[in-house]
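# Notes for the structure review
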Amino acid sequence: MPFSLILRNARLANAGDTNATVDIAVADGRIKAIEPRISGEGESVDAGGQFVSAGLVESHFHLDKSRILDRVAPLEDRRGTDYMKRVSAVKDSFTVEDIYARSRETLEQCILNGVMHMRTHIEVDAPIGLRGFEALERVAKDYAWGVDLQLCVFLQEGWTDVPGAEANVVQGLKRGATVVGGAPRYDANGPAQIERIFALAKDFDVDVDIHGDGGYTTDDMMIWQICDLTDRMGWGGRVALGHGNKYSCLPDADVQKLGKRLAESGVAISVLPATDMFTSGRHQEHSVMRGVADANALIAQGANCSIATNNVLNPFTPYGDCSLVRIATMYANVVQRGTDKDLSDCFAMISDRPARILRKNDYGIAVGNPADLVVWPTNSPAQVIATAAQPLMGFKRGRRVFTREVATLHRP
Ligand SMILES: [Zn+2]
């Protein structure tokens, strides 16, 4: 049988202690066989016995406001929390072309780091309107060869207290956004914004992904309202919350209670360590809190969680190499998770678990699924996280999309 690609000597996550490797044969962009020593015609690529995973999944990203550090006002007070104000001040400069160019540059770096699926949040507040949506629509189309992009429209700067603002969200949903988001913290009436988000999700039959429970006390957690609405609407498995800094302030017993509730309702949490850490504890001069929720503790109770990058090179997170693995390693370090099981779970939180949030039913290395494959210079998922590994090569629907040269040591 002719194949377009045979990826040979691949070590899969479930290989166990054996040294067994398999060949993965691809035709028409899909995995046709996973067996030792497949014979057949087709381009043969040697994975060298290294770990091979499915493409990584970014479940929470903001392409539209990435790479704007060079145009925002400098941070004047080191403990300042004016991230949104500094972004807001430059939104007038966001043209469709500008958003397209920055998003593209960021997305290319993500692809080089093994990302093949992404949910990107798009601001549709009045100063930008649908310019971001238009740009991302084009990016999604132009980069479909490398990444499946899911568009989530939301209002960053108020909703129920901004007359007419909702019209842009509705417009985005009419134009095909498959997720409705929100930032209730910046609304004069947060609970009312959450109600509107769910009402639109029902009207348009789309998923929900809300920024929430940032902050450093356990007061007024919005997750309970979100779980209630999810239950009432029967939207389990279609709702996610990004951040959850507050959960890092809960005692163990309450974390367990939360994990159980999330599991029952089918509400997922995306932890965003780079932003969460950069913005947390600004009120503290020393012993600064980290503000990163322990997602491992939540998944231990049956909840679904992911780790995601969120922001790149903007006032909310003035860093970013677009390596989702580096973010996961940083997360594990901060929440002090280091066993093989913990680190494997961390890898799952940038692959299988966010794939469930994005409702990718054909995700993973199995016969019949799209041949989205990444080769790592390690022998297990846990080792990818432990060593903050960079992927060696990646294939999207069987076509090679990147190759990384390994650094060479020149001995004397
Ligand atoms: Zn976000």
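Residues numbered from 1 in each chain as written. Predicted model: local features only at pLDDT ≥ 70, side-chain atom pairs only at ≥ 80, totals over all residues.

The subject of this paragraph is the overall build of the chain. Across its full length, the chain carries 13 helices and 16 strands. For 412 residues, the compact-globule estimate of 2.2 N^0.38 gives 22 Å, and the C-alpha radius of gyration of the chain, at 21 Å, lies within 12% of that figure. Taken along its principal axes, the extent of the C-alpha atoms in the chain is 65 × 55 × 45 Å. For the chain, the share of sequence-separated contacts (at least 6 apart) that also reach a separation of at least 24 residues comes to 76%. (Helix = DSSP H or I, 4+ residues; strand = E, 2+ residues; numbered from the N terminus. Rg over C-alpha atoms; globule rule 2.2 N^0.38 Å. Contact = placed C-beta atoms within 7 Å.)

We now examine the domain arrangement of the chain. Partitioning the chain into structural domains gives domain 1 (2-54 + 364-403) and domain 2 (56-357). A separation of 30 Å is found between the C-alpha centroids of domain 1 and domain 2. Counting from both sides, the interface comprises 18 residues of domain 1 and, opposite them, 21 residues of domain 2. Mapped onto the side of domain 1 that touches domain 2, the elements with two or more residues apiece are strand E5 (52-54), helix H13 (381-386), strand E15 (393-396) and strand E16 (399-403). (Domains from an automatic or database assignment.)

We now examine the pairing of strand E12 (residues 267-271). Where burial is concerned, most of E12 is hidden: five out of the five residues are buried. Sheet analysis places strand E11 (residues 239-243) next to E12, joined by four bridges and oriented parallel. Its bridge partner lying in E12, Val 239 is registered against Val 267. Between the parallel pair E11 and E12, the chain is carried across by helix H7 (residues 252-265), and the sense of this crossover is right-handed. Pairing of E12 with strand E13 (residues 305-307), which is carried by three bridges, proceeds in the parallel orientation. Opposite Val 271, over in E13, you have Ile 307 as the bridge partner. (Buried ≥ 20, exposed ≤ 12 C-beta atoms within 10 Å, placed from the backbone. Pairing = 2+ DSSP bridges. Right-handed = clockwise from strand over helix to strand, strands pointing away.)

Taking strand neighbours across the sheet as the criterion, the four strands line up as E3-E2-E1-E4 in an open arrangement whose pairing is mixed. Two strands close off the open sheet at either side, each with one partner strand: strand E3 (30-35) and strand E4 (41-46). Along the sheet, successive strands turn relative to each other by an average axial angle of 25 degrees, direction set aside. Pairing geometry for strand E1 (residues 2-10) and strand E2 (residues 22-27), over four bridges, is antiparallel. Each bridged residue has a counterpart across the sheet, and for Ala 10 the counterpart in E2 is Val 22. (Axes fitted to C-alpha atoms, helices over the stretch in contact; angles between N-to-C directions.)

Looking now at the sheet that holds strand E8 (residues 148-154). Read across the sheet, eight strands follow the order E6-E7-E8-E9-E10-E11-E12-E13 without closing on themselves; strand pairing throughout is parallel. Of all strands in the sheet, those with a lone pairing partner are strand E6 (56-61) and E13, marking the two edges. Adjacent strand axes in the sheet meet at a mean angle of 20 degrees when their direction is disregarded.

Glancing now at helix H3 (residues 131-142). Given a rise of 1.5 Å per residue, twelve residues ought to cover 16 Å, and the 17 Å separating the end C-alpha atoms of H3 matches this to within 8%. Inspection of H3 places Arg 131, Gly 132, Phe 133, Ala 135, Leu 136, Glu 137, Val 139 and Ala 140 among the buried residues, and these make up the whole buried set. (Expected span 1.5 Å × (residues − 1).)

A word on the nonpolar core. Counting 116 residues, the largest nonpolar core has Val 153, Val 180, Ile 226, Ile 269, Ile 307 and Ala 328 as its most contacted members. Of all the elements, helix H10 (residues 324-334) adds the most residues to this core, at six residues. Two domains each provide a minimum of three residues to this core, namely domain 1 (2-54 + 364-403) and domain 2 (56-357). (Core = buried A, V, L, I, M, F, W, Y, C linked by C-beta atoms within 7 Å.)

This part is about the environment of Gly 212. Note on placement: Gly 212 falls in strand E10 (residues 207-212). Taking C-alpha positions, Gly 212 is 9.9 Å from Ile 226, a pair spaced 14 residues apart along the chain.

We note that Gln 336 has phi near 60 degrees; this positive angle belongs to a residue other than glycine. Among the secondary structure elements, Gln 336 is positioned in the loop between H10 and helix H11 (340-348). Despite not being glycine, Arg 359 shows a phi value in the positive range, around 55 degrees.

This part covers the packing of H10 against H11. Packing of H10 against H11 brings their axes to within 10 Å, and their N-to-C directions diverge by 140 degrees. Our classification of the angle between H10 and H11 gives oblique. Where H10 crosses over H11, the handedness of that crossing is right-handed. Taken together, the residues of H11 that come into contact with H10 (itself represented by Ala 328, Tyr 331 and Ala 332) are Asp 342, Leu 343 and Cys 346. Its residues assigned to classes, the contact of H10 with H11 comprises five nonpolar, no polar and one charged. (Parallel < 35°, antiparallel > 145°, perpendicular 65-115°, else oblique. Left-handed = near helix turned anticlockwise from the far one by under 90°. Nonpolar A, V, L, I, M, F, W, Y, C, P; charged D, E, K, R; others polar.)

Time to look at the packing of helix H5 (residues 190-204) against helix H6 (residues 223-233). Across the interface, H5 lies against H6 with an axial gap of 11 Å and an inter-helix angle of 25 degrees. If you check the angle between H5 and H6, you find them roughly parallel. Between H5 and H6 lies a crossing of right-handed hand. Listed contacts from H6 to Pro 191, Ile 194, Phe 198 and Lys 202 of H5 are Gln 225, Ile 226, Leu 229 and Met 233.

Note that His 283 resides in the loop between helix H8 (273-279) and helix H9 (295-299). Judged by the 10 C-beta atoms lying within 10 Å of it, His 283 is exposed. C-alpha separation for the pair His 283 and Asn 113, spaced 170 residues apart in sequence, amounts to 34 Å.

Here the focus is the environment of His 60. Tracing the chain through its elements places His 60 in strand E6. For His 60 and Thr 120, which are 60 residues apart along the polypeptide, the C-alpha to C-alpha distance reads 6.1 Å. Beyond its immediate chain neighbours, meaning those up to four positions away, His 60 contacts Arg 119, Gly 242, Ser 270, Leu 272, Ala 308 and Asn 310.

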